[in-house]
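# Summary of the model geometry
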Amino acid sequence: MNKTSRHTALSATLVALLGIAHADSTTIDYTCDDSSTLAATFDADADGRPRANLMHDGKVLVLPLVPSGSGALYRSGEVLLHTKGDDAYFETGQGKVLRCSVGSAPAQSKAPAAVSSFIDLAGQVSFNVQKALPSDAVLIVRIQDTSRAGAKALTLAEQRIELAGRASPVPFQVVVDRDLIGPKARVTASGRIESRGKLLYTSTAVTPALDNGQAVVVDLRLPPLGQRKR
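For the structure given in this document, a descriptive report is provided here. Just so you know, these numbers come straight off a predicted model, no measurement behind them. (Residues numbered from 1 in each chain as written. Predicted model: local features only at pLDDT ≥ 70, side-chain atom pairs only at ≥ 80, totals over all residues. Heavy atoms only, no water.)

## Quick word on the nonpolar core
For soluble globular proteins, nonpolar side chains are generally found buried alongside one another. Condition: We call a set of buried residues a nonpolar core when its members are Ala, Val, Leu, Ile, Met, Phe, Trp, Tyr or Cys and they connect through side-chain atoms within 4.5 Å of each other. Buried residues are those whose accessible area, probed at 1.4 Å on protein chains only, stays under 20% of the maximum for their type, while exposed residues exceed 50% and partly exposed ones sit between those limits. A helix here means a DSSP run of H or I that spans at least four residues, while a strand means a run of E at least two residues long, and both kinds are numbered starting from the N terminus. Contacts: residue pairs with any heavy atoms within 4.5 Å of one another.
Ranked by internal contacts, the top residues of the largest apolar core, which has 26 residues, are L121, V125, F127, L139, I143 and I193. Every element with two or more residues in this core is listed here: β9 (118-127), β10 (138-145), β11 (154-162), β12 (170-177), β13 (187-195), β14 (198-202) and β18 (218-222). Beyond its immediate stretch of four places on either side in the chain, I193 contacts F127, A137, V138, L139, L163, K198, L199, L200, Y201 and L222. One finds L54, Y74, V79 and A88 within the second-largest nonpolar core, a separate group that totals 16 residues.

## Points about the sheet that holds β18
Using the following cut-off: Strand pairing is assigned whenever DSSP detects at least two bridges linking the two strands. Under this scheme, a helix contributes an axis fitted over its contacting stretch, all axes are lines through C-alpha atoms, and angles between N-to-C directions fall in the 0 to 180 degree range.
Strand order in the open sheet made by the 3 strands is β12-β9-β18, with mixed pairing throughout. Pairing within the sheet leaves two strands with one partner each, and these edge strands are β12 and β18. Shown here is a sheet whose adjacent strand axes are inclined to one another by a mean of 30 degrees, direction ignored. Relative to β12, β9 runs antiparallel, the two being bridged by 8 bridges. For F118, the partnering residue across the bridge sits in β12 and is D177.

## Topic: the pattern of salt bridges
In plain terms, the rule: Whenever a carboxyl oxygen of Asp or Glu lies within 4 Å of a side-chain nitrogen of Lys or Arg, that contact is scored as a salt bridge.
Inspection of the entire model under this criterion finds 11 salt bridges. Residue D47 pairs with R49 through a salt bridge whose shortest N-O separation is 3.0 Å. Each member of the pair, D47 together with R49, is exposed. Across the salt bridge formed by D120 and R99, the nearest N and O atoms sit 2.4 Å from each other. Of this pair, D120 sits in strand β9 while R99 sits in strand β8 (residues 97-102), and the two are 21 residues apart along the sequence. Accessibility expressed as a relative area gives 34% for D120, which makes it partly exposed. Each of D45, D47 and R49 takes part in a single network of salt bridges with overlapping partners.

## Side note on the sheet that holds β8
Strand order in the closed barrel formed by 8 strands is β1-β2-β3-β4-β5-β6-β7-β8, with antiparallel pairing between adjacent strands. Across the sheet, the mean angle from the axis of one strand to that of its neighbour is 30 degrees, orientation sign disregarded. Relative to strand β6 (residues 79-84), strand β5 (residues 72-76) is paired through 5 bridges, and the arrangement is antiparallel. Across the sheet, the residue bridging to A72 is T83, located in β6.

So, in C-alpha cells, the structure goes:
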C-alpha cells in the first residue's frame, strides 16, 4: 500500500471510529517529522462547538477548539494541536512535540517561508536533587515575553513533563507561534518543579530563548526553593 492509500485508509478509519457523518466536516492528512502520519477531522460536537478528531499512532483523540493568538488551537489537557496554513505542530502529552505538514512530504522539505510559521525551541533542565522528588512531581517549562516593564510576562508556550523519577538533566522541546512575538519582544525561558501545586525548584536567572529572532539552545538550572517561613 502506498502513502496516499495509507492516508486515505487512516482518514476513513478515523471517521468510522468517531461516527462522523457531518457534511461540513473536513479531514486533513499530515506527515510529521518523525515520519508518522496524523489524520485530523475537523467538525463540531452536538452543541456546535468546533473540535479536532485526531488519529495518531493507533490512538483516537478529540480536542476542542480553544482561544489562540493566531492559527487554530485545539487542546485537551496536555495534548494539543496548533494549525496554521499547511503547517501544524502536535504535542502528544508525553513530552513529545511533532512538527507536521499537509500531505506526504515531511515538514522539513517545505519551503522555508511556510515552515517559519513556528519556531522550535529546545534545551535541557538541570536540578540537584537533595532528596527524592515526590512521585507526582512535574517540571514546567515556560517560554515568555518579558519585555513589558511593570506588566505580567506573556506566556508564549508551556510544556509540562511528569518527572516520575527521571534524572537530571531533563530535555524539553516547545514550539512558539512566530506571530505572537512582537518586534520588541524579549523572549526568555524559565522552569519550575511542582508537586500538587507546591513549588519545589525554580529558575532564578534570566535565560534568553531567542537571539536576533533565532532559537538558541536553552540550558535551565533550577536550585531548590529552600524552606519558607509561614
